[in-house]
Amino acid sequence: MSSLEGSSRWTTALARGWCRKCPRCGQASMFKGYLSIGDQCAACALPFEPLRADDAPAYFTIAIVGHVIVTGLLMLESYVHPPTWVQLAIWLPVTVILTLGLLPFLKGAVMAAIYCTHKTE
């Protein structure tokens, strides 16, 4: 297998994982809830138990959201100088929305990356 084929497989699997679909077939959902994982893929029977993401999605979410929020907060502070309550009114809800919005997608992508590194096909 060439490195281009390997790269294409990684890209495909990560895109499928980001969409919360099975990284192998892309047909069925990996999730049975917001963050809870199903036992196996309904289409290709890939077991999801070995694809344990553990805390990695939370770390990536914190890193991404932290960079966005701190950058926005500092830029707003340096250009507009709003009162503290305005900063809190803006950035606290944005933090919660971004965190809860990104977490399941990052979990799917991490599980797909684990699938790519450990698959035996």
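All chains use their own residue numbering, which begins from 1 and follows the written sequence. Selection of residues for local features in this predicted model requires a pLDDT of at least 70, selection of side-chain atom pairs for listing and counting requires 80 or more, and totals for whole chains, interfaces and linings are taken over all residues. Values reported for side chains reflect all heavy atoms of the structure, with hydrogen atoms and water molecules removed beforehand.

Engineer: Tell me about a nonpolar patch on the surface, residues and numbers included.
Structural biologist: A cluster of nonpolar side chains, namely Tyr-34, Val-96 and Leu-100, defines an oily patch on the protein surface of about 290 Å² accessible area. Judged by relative accessible area, which is 48%, Val-96 ranks as partly exposed. Note on patches: the residues involved have over 30% relative accessible area and no salt bridge, like charges join within 9 Å, and the nonpolar side chains Val, Leu, Ile, Met, Phe, Trp and Tyr join within 5 Å. Surface accessibility in these figures is a Shrake-Rupley result with a 1.4 Å probe; residues are shielded only by whichever protein chains are displayed. We count a salt bridge whenever a side-chain nitrogen from Lys or Arg sits within 4 Å of a carboxyl oxygen from Asp or Glu. Any residue under 20% of the maximum accessible area for its type is buried, any over 50% is exposed, and the rest in between are partly exposed; the area is computed with a 1.4 Å probe on protein chains only.

Engineer: Can you lay out helix α2 (residues 56–79) for me, pointing to particular residues and giving the numbers?
Structural biologist: Runs of E in the DSSP output that reach at least two residues are strands. Runs of H or I that reach at least four are helices, and both are numbered from the N terminus. Residue count minus one, scaled by 1.5 Å, sets the expected span of a helix. For α2, which comprises 24 residues, the first-to-last C-alpha distance of 35 Å matches the rise-based estimate of 34 Å (1.5 Å per residue) to within 8%. Considered for burial, the residues of α2 that qualify are Pro-57, Thr-61, Val-65, Ile-69 and Gly-72. Contact definition: two residues touch when any of their heavy atoms are within 4.5 Å. Each element contacted by the buried residues of α2 is listed here: α3 (84–118).

Engineer: Can you tell me about the pattern of salt bridges, naming the residues and giving the values?
Structural biologist: Enumeration according to the criterion identifies 2 salt bridges in this entry. The residue Arg-52 makes a salt bridge to Asp-54 at a minimum N-O spacing of 3.6 Å. The network of salt bridges with common partners includes Glu-49, Arg-52 and Asp-54.

Engineer: Describe in detail α3, supporting the description with residues and values.
Structural biologist: Over its 35 residues, α3 runs 48 Å from end to end, which matches the ideal 51 Å to within 8%, given 1.5 Å per residue. Helix geometry: α3 is bent most strongly at Leu-103, by close to 30°, with proline Pro-104 lying one to four residues after it. One axis fitted to the seven residues ending at a residue, another fitted to the seven starting there: the angle between these axes is the bend at that residue.

Engineer: An account of the packing of aromatic side chains is needed here, citing residue identities and associated values.
Structural biologist: What counts as a ring pair is set by centres within 6.5 Å for rings of Phe, Tyr and Trp (its six-membered ring), and what kind of pair is set by the plane angle: stacked under 30 degrees, edge-to-face over 60, tilted for all other angles. For the structure on display, the rule yields 1 aromatic pair. The rule is short: NZ of Lys or CZ of Arg within 6 Å of the ring centre and within 35 degrees of the ring normal puts a charge over the ring. Taking NZ or CZ as reference, Arg-20 lies 4.2 Å from the ring centre of Phe-31, over its face.

Engineer: Describe the environment of Glu-49, and please don't skip the residues or the numbers.
Structural biologist: Along the chain, Glu-49 falls in the loop between α1 (3–18) and α2. By relative accessible area, which is 51% here, Glu-49 ends up exposed. Separated by 24 residues in the primary sequence, Glu-49 and Cys-25 place their C-alpha atoms 16 Å from one another.

Engineer: I'd like a rundown of the packing of α2 against α3, residues and numbers included.
Structural biologist: Two elements in contact, α2 and α3, have axes separated by 8 Å at closest approach and are oriented at 150°. The angle between α2 and α3 places the two elements in the roughly antiparallel class. As for how α2 packs across α3, the hand of that crossing is right-handed. Note on geometry: axes are lines fitted to C-alpha atoms, helical ones only across the stretch in contact, with angles between N-to-C directions running from 0 to 180 degrees. Working rule for angles: under 35 degrees goes down as roughly parallel, over 145 as roughly antiparallel, 65 to 115 as roughly perpendicular, anything else as oblique. Left-handed describes a crossing whose near helix is turned anticlockwise from the far helix by less than a right angle; the clockwise case is right-handed.

Engineer: Would you mind going over the layout of surface pockets in detail, with residue names and values included?
Structural biologist: Residues are said to line a cavity or pocket when one of their atoms sits within 4 Å of a point; the points come from a 1 Å grid over protein atoms alone, cavities being sets where a 1.4 Å probe fits but cannot get out and pockets being open sets with protein on both sides within 12 Å along at least five of seven lines. Grid points are joined across faces, edges and corners, and a volume is the space filled by probe spheres set on the points. Space inside the largest pocket adds up to approximately 170 Å³. Of the residues contributing to the lining of the largest pocket, the split by class is 5 nonpolar, 1 polar and 5 charged. Three residue categories are used. Nonpolar comprises Ala, Val, Leu, Ile, Met, Phe, Trp, Tyr, Cys and Pro, charged comprises Asp, Glu, Lys and Arg, and polar comprises the others, including Gly.

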